[in-house]
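# Residue-level structural notes
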Amino acid sequence: MGNRETRVEEAHRLSQMFIDISAKSKSDFADVVGSLGLPVHLARAVLMLTEPAPMRDLAERLTCDRSYITNLADQLEERGLVCRVPGSDRRVKLLQLTPAGVDLRDEISATVAERALVLRRLTPAERKTLSPLLEKLLRDDD
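Since the model is a prediction, treat every value here as computed from it, not as a measurement.

### Here we look at the nonpolar core
By size, the foremost hydrophobic cluster in this structure holds 22 residues, and its most contacted members are L38, L49, L58, L76 and I108. The set of elements that each furnish at least two residues to this core consists of α1 (3–35), α2 (40–48), α3 (55–61), α4 (66–78), β3 (93–97) and α5 (99–115). Leave out the neighbours within four places in its chain, and L76 touches L42, A45, V46, L81 and V82.

Dropping the structure here:
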């Protein structure tokens, strides 16, 4: 087998491992938040709200359309997890976690961290080695 074929096979094998790890992580996250009675899309929003934020900012962070955020905010508000508060510009409403939302965010974070594949299967030394390698792959300096 030539060098080109070997490189193609290696790229495929490594890429497939990244895909499989990503799928496993997503599945684990869905299991965790599902056990807490929350759909994934709402859990992601709760985790993003570390401080009051305009809905447009949340849309950007979740990489979704702004019109979708209104529906998402309504669902979170119905569950008592967020409230809308005035921003410095009265025309802009901010989403803020309620105390119940903060508690749920903390519970999601702790449970996800406890069950995280990378924390369960890798030693601290292995994670320390892995982190800069992943950062290098994620850099936009091509």
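### Some points on the environment of V118
Its location among the elements puts V118 in helix α6 (residues 117–121). Measuring from C-alpha to C-alpha, the distance between V118 and I21 comes to 9.3 Å, with 97 residues separating the pair along the chain. Apart from the residues lying within four places of it in its own chain, the contact partners of V118 are R127 and L130.

### Let's talk about α5
Here α5 spans 24 Å end to end across 17 residues, near enough to the 24 Å set by a 1.5 Å rise per residue. Restricting attention to buried positions, one finds in α5 the residues G101, L104, R105, I108 and T111. End-on, the buried residues of α5 take up no more than an arc of 140°, which puts them together on one face. In α5, the exposed positions angled more than 90 degrees off the buried face are occupied by P99, D103 and E114. Turning to α5, the residues buried within the fold contact α1, α2 and β3.

### Some points on the pattern of salt bridges
Inspection of the entire model under this criterion finds six salt bridges. Across the pair D106 and R105 runs a salt bridge, and its minimum N-O distance is 3.6 Å. Taking the relative accessible area as the measure of exposure, D106 reaches 42% and is therefore partly exposed. What makes R105 buried here is its relative accessible area of 15%. Salt bridges here are not isolated pairs; linked through shared partners, they connect D74, E77 and R84.

### Thoughts on the sheet that holds strand β2 (residues 82–86)
Pairing within the open sheet is antiparallel, and its three strands lie in the order β1-β3-β2. One side of each edge strand has no neighbouring strand; the edge strands of this open sheet are β1 (53–54) and β2. Two elements, β2 and β3, share five bridges in a ladder whose sense is antiparallel. From the neighbouring strand, R84 faces β3, where its bridge partner is L95.

Calculation rules
- Residues numbered from 1 in each chain as written.
- Predicted model: local features only at pLDDT ≥ 70, side-chain atom pairs only at ≥ 80, totals over all residues.
- Heavy atoms only, no water.
- Core = buried A, V, L, I, M, F, W, Y, C linked by side-chain atoms within 4.5 Å.
- Buried < 20%, exposed > 50% of the residue type's maximum accessible area, 1.4 Å probe, protein only.
- Helix = DSSP H or I, 4+ residues; strand = E, 2+ residues; numbered from the N terminus.
- Contact = heavy atoms within 4.5 Å.
- Expected span 1.5 Å × (residues − 1).
- Arc of directions from axis to C-beta.
- Salt bridge = Lys/Arg side-chain N within 4 Å of Asp/Glu carboxyl O.
- Pairing = 2+ DSSP bridges.

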